[in-house]
Amino acid sequence: MIKRQKTFDTNICSYILRRHPQNMLDRFAQLDQRDVWLSAIVAAELRFGVAKLASPRFSAAVEAWLDSFEVRPWPVEATHHYAQIRSELEKIGRPIGGMDLMIAAHAISEQSTLITNNAKEFHRVSNLAVEEWTL
């Protein structure tokens, strides 16, 4: 059986960066970081948080966090998944946020499991492997 890589939703990164809650830190510590990558979309959201806070200390923490992972660019293949997912969800009247849609499309294009604390939204996306980390 091939081991599936994992990627984080922005909310999981935020919990780890803020160093709480403890159960998130414990779960993170159990992962093999070589099996985890981050989407450039997540990096953009984290950097937006830095810009909003205007904290050099938080900026340094986020940049160190990002440097510890492979940050993958959003691939052209994800555009096809994005279009399909958005079309399906709009047809049933249950769309998800634009950034979450892009993160989901990226995870699908990389055949990876998305780790999130927002599984309710991501479970709407067919063919997306979701691992929920609850508080």
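Everything below is about the structure printed above this text.
Computed from a prediction, not measured in an experiment: that's the story for all the values here. (Residues numbered from 1 in each chain as written. Predicted model: local features only at pLDDT ≥ 70, side-chain atom pairs only at ≥ 80, totals over all residues. Heavy atoms only, no water.)

1. What about the sheet that holds strand E2 (residues 36-39)?
Here five strands make up an open sheet; going across it, the order is E3-E2-E1-E4-E5 and the pairing parallel. Two strands in the sheet have a free side with no partner beyond their single neighbour: strand E3 (70-72) and strand E5 (129-132). The average angle at which neighbouring strand axes cross in this sheet is 35 degrees, direction not considered. Of the strand pairs in this sheet, strand E1 (residues 6-8) and strand E4 (residues 113-116) are connected by three bridges, and their pairing is parallel. Its bridge partner lying in E4, Lys6 is registered against Thr113. (Pairing = 2+ DSSP bridges. Helix = DSSP H or I, 4+ residues; strand = E, 2+ residues; numbered from the N terminus. Axes fitted to C-alpha atoms, helices over the stretch in contact; angles between N-to-C directions.)

2. A word on unusual backbone geometry
Residue His20 is joined to Pro21 through a cis peptide bond whose omega torsion reads 0 degrees. By secondary structure assignment, the location of Pro21 is in the loop between helix H1 (10-18) and helix H2 (22-30). Despite not being glycine, Gln111 shows a phi value in the positive range, around 50 degrees. Mapping Gln111 onto the fold places it in the loop between helix H6 (98-109) and E4. Classification of Gln111 by relative accessible area gives exposed; the value is 60%. (Buried < 20%, exposed > 50% of the residue type's maximum accessible area, 1.4 Å probe, protein only.)

3. Focus: the side chain of Glu131
Tracing the backbone through its elements, the reader meets Glu131 in strand E5. A distance of 2.5 Å separates polar atoms of two side chains, one belonging to Glu131 and the other to Lys6. Other than its neighbours up to four places away in sequence, Glu131 contacts Lys6, Arg27, Thr113, Leu114, Ile115 and Thr116. (Polar contact = N/O pair within 3.5 Å; in protein donor to acceptor, adjacent residues only side chain to side chain. Contact = heavy atoms within 4.5 Å.)

4. A short note on the pairing of E2
The side chains of a regular strand alternate, first on one face of the sheet and then on the other. On E2, burial covers both faces: Val36 and Leu38 on one face and Trp37 and Ser39 on the other are all buried. Two strands pair when backbone bridges link them, and E1 and E2 are joined in this way by two bridges, in the parallel orientation. Looking across to E2, one finds that Thr7 is bridged to Trp37. As judged from the three bridges shared by E2 and E3, these two strands associate in the parallel manner. Residue pairing for E3: Ser39 is matched across the bridge by Arg72.

5. Structural notes on the packing of H1 against helix H3 (residues 40-53)
Relative to each other, H1 and H3 sit at 50 degrees, their axes nearing to 9 Å. Taken together, the axes of H1 and H3 are oblique relative to one another. Between H1 and H3 lies a crossing whose hand is right-handed. Residues Thr10, Cys13, Ser14 and Leu17 of H1 form the contact with H3, whose participating residues are Val42, Glu45 and Leu46. Tallied by class, the residues present in the contact of H1 with H3 amount to four nonpolar, two polar and one charged. (Parallel < 35°, antiparallel > 145°, perpendicular 65-115°, else oblique. Left-handed = near helix turned anticlockwise from the far one by under 90°. Nonpolar A, V, L, I, M, F, W, Y, C, P; charged D, E, K, R; others polar.)

6. Concerning H3
Over its 14 residues, H3 runs 20 Å from end to end, which matches the ideal 20 Å to within 8%, given 1.5 Å per residue. Along H3, the residues that are buried comprise Ile41, Val42, Ala43, Leu46 and Val50. Tucked into the core, H3 has its buried residues touching E1, H1, E2, helix H4 (56-67), E3 and H6. With a side-chain oxygen positioned 3.1 Å from the backbone nitrogen of Ile41, the residue opening H3 is Ser39. Among the residues trailing H3, Ala54 stands out with phi positive, at a value near 50 degrees. (Expected span 1.5 Å × (residues − 1).)

Coordinates in, geometry out; function isn't part of it.
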